Structure formats: C-alpha cells, structure tokens
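Working through the structure, step by step
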Amino acid sequence: DTEVTQTPKHLVMGMTNKKSLKCEQHMGHRAMYWYKQKAKKPPELMFVYSYEKLSINESVPSRFSPECPNSSLLNLHLHALQPEDSALYLCASSQEAAASNQPQHFGDGTRLSIL
Amino acid sequence: SQQGEEDPQALSIQEGENATMNCSYKTSINNLQWYRQNSGRGLVHLILIRSNEREKHSGRLRVTLDTSKKSSSLLITASRAADTASYFCATVLRLTGNQFYFGTGTSLTVIP
C-alpha cells in the first residue's frame, strides 16, 4: 500500500464531461505534484504545489485545472479533454518543494480514458 | 528536453544474475534518484545519490554517478523475479529545486 492515495483508480469520460481526480497524503508533506504518464513512457511533470500554492505549471493546457484545498489534498479538475489526454495520472508528494535532496512518494495513479 | 536517456530500453535476465542499467543526462544536477515502477502501479523510490558522491549502496542495489560523463548506473545483484519492473532515473537540476526529469526507463524482466 502506498501512503499517497489516489481516487478513482480508473475513469472513463467523454470529451464533454467534467470530472476530478483526487489525491490525499497524511505524511505532513508540504509539496505535491501531478504527473502524466503515457504507456511505456516516463512520467512528465504537470504541476507542483508548494505550501498549497501553485509554484510550477509546465505549460499544461487549461483543460487541466489543479487545486490544492489544504496541505493534504490535491485535485485535478478535468474539462473538455481530448483522446490524447488518455494516460495514467500520478500524484506525488515530498516534504518540501524547494529542498531537492528528498524522494517523492507516489500514488498508484488514476488510469484515465477519454472516449 | 531535459529528460535523461536510459539504456538498455529492455533487459531480460535469469534469476540470480546481475542487472545493470544506465542513465545519461544533459545538465548539471543536484542529485540523481532511481525509481522502480511495477506494472500498473506508482513509482517507488529506491536510492538517491548526491552530485558529490560517486557510489552508493542499499541492500542489493549499487548506484554509481560520474558527473564528468553525466551518467549513472544502477546495478541490481542476485536478481529475483520480484525485481521485474520498469526502472527510471530522475535528475534534479541544480537550479530548479525539486523538479524531477525522468529518464526514458529500462524495462527489466527477471525469468524465474
């Protein structure tokens, strides 16, 4: 079992739907991350939150909207997605975002399929 | 792209053999980390090596880092079927804090 919990595990949605991915950690970490991973590819960083504030947005399209309601929760709101957005979406956390000598702890991801 | 390159892309060995995978990167780093990903799961941190370190051990894992060549290697000794997974190196750049750039990954299959 991982210490970072992501829900749902699987999500199928149409291109006109609105849905949200959720991520939760109770390790007291102050940095949280969203990654996108296509099949047989490495994870690609999307967003970094540090102390509940968005610190990095890696030029992600606006149809992906992150939200950090508190230090334990991270959401990714989805709207008007395209078929190429189908992927595994991974959430991760670390103690701090600025301190680089720390590992990141990953959830098991949400497998997203866009019809 | 700041993404690292790993080789081989795929590696198949017999149980008990050693597995070596390599990672090359492009820019100066603060540290380099190795992660394992089992099929359909998230990534699990294995080991971190700082830019001023040359070698590090953790159990059956041995990591080396050569900053002059911008490369690292991960050695898994006495492999087990449970080691079957994808392995990624992640570079943390000197100037960007904790942004990770993952390498392309090595898919390891250990045959019982």
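Please refer to the structure higher up on the page.
Let me sum up the structure you'll find in this document. (Residues numbered from 1 in each chain as written. Chains lettered and ligands numbered in written order. Predicted model: local features only at pLDDT ≥ 70, side-chain atom pairs only at ≥ 80, totals over all residues. Heavy atoms only, no water.)

1. Description of the pairing of strand β5 (residues 44-50) of chain A
All names here are of chain A. Along β5, 6 of the 7 residues are buried, which leaves the element largely enclosed by surrounding structure. With 6 bridges connecting them, strand β4 (residues 31-37) and β5 associate as antiparallel partners. What sits directly across from Y35, in β5, is L45. In textbook terms, the turn of a hairpin is the stretch between consecutive antiparallel strands, and for β4 and β5 this stretch comprises 6 residues, one of which, K40, has a positive phi near 60°. (Buried < 20%, exposed > 50% of the residue type's maximum accessible area, 1.4 Å probe, protein only. Helix = DSSP H or I, 4+ residues; strand = E, 2+ residues; numbered from the N terminus. Pairing = 2+ DSSP bridges.)

2. Remarks on the state of the cysteines
All names here are of chain A. Inspection of every chain in the model, using the stated rule, returns 2 disulfides over all chains. Paired by a disulfide, C23 and C91 hold their sulfur atoms 1.9 Å apart. On the sign convention where negative means left-handed, the S-S torsion of about -70° between C23 and C91 marks this disulfide as left-handed. Highlighted residues: C23 in strand β3 (residues 18-25) and C91 in strand β9 (residues 87-94), separated in sequence by 68 residues. An identical accessibility class is assigned to C23 and C91; each is buried. (Disulfide = S-S within 2.5 Å.)

3. Some words on the pattern of salt bridges
Per the stated rule, a full pass over the model turns up 6 salt bridges over all chains. Residue A:D85 pairs with A:R63 through a salt bridge whose shortest N-O separation is 2.7 Å. Of the two residues, A:D85 sits in the loop between β8 (73-79) and β9 while A:R63 sits in the loop between β6 (53-57) and β7 (64-70), which places them 22 residues apart along the sequence. Among the residues examined, A:D85 registers a relative accessible area of 1% and is labelled buried. A relative accessible area of 23% means that A:R63 is categorised as partly exposed. Residue A:D108 pairs with B:R41 through a salt bridge whose shortest N-O separation is 2.9 Å. Residue A:D108 is located in the loop between β10 (105-106) and β11 (110-114), and its partner B:R41 is located in the loop between β4 (29-37) and β5 (43-50); the two belong to separate chains. Its relative accessible area of 36% is what places B:R41 among the partly exposed residues. Sharing partners across several salt bridges, the network here consists of A:K36, A:R63 and A:D85. (Salt bridge = Lys/Arg side-chain N within 4 Å of Asp/Glu carboxyl O.)

4. Notes on the packing of aromatic side chains
Evaluated as defined, the whole model comprises 10 aromatic pairs over all chains. Feature note: the residues A:Y33, A:Y35, A:F106, B:Y35, B:F88, B:F100 and B:F102 constitute an aromatic cluster, connected by ring pairs. (Phe/Tyr/Trp six-rings, centres within 6.5 Å; stacked < 30°, edge-to-face > 60°.)

5. Topic: the sheet that holds β8(A)
Residues and elements named next belong to chain A. Strand order in the open sheet formed by 4 strands is β1-β3-β8-β7, with antiparallel pairing between adjacent strands. Single-partner strands in this sheet number two, and they are β1 (4-7) and β7. Taking the axes of each pair of neighbouring strands and ignoring which way they run, one obtains an average angle of 20° across the sheet. Here β3 pairs with β8 via 7 bridges, running antiparallel. Bridge pairing in β8 links E24 to L73. (Axes fitted to C-alpha atoms, helices over the stretch in contact; angles between N-to-C directions.)

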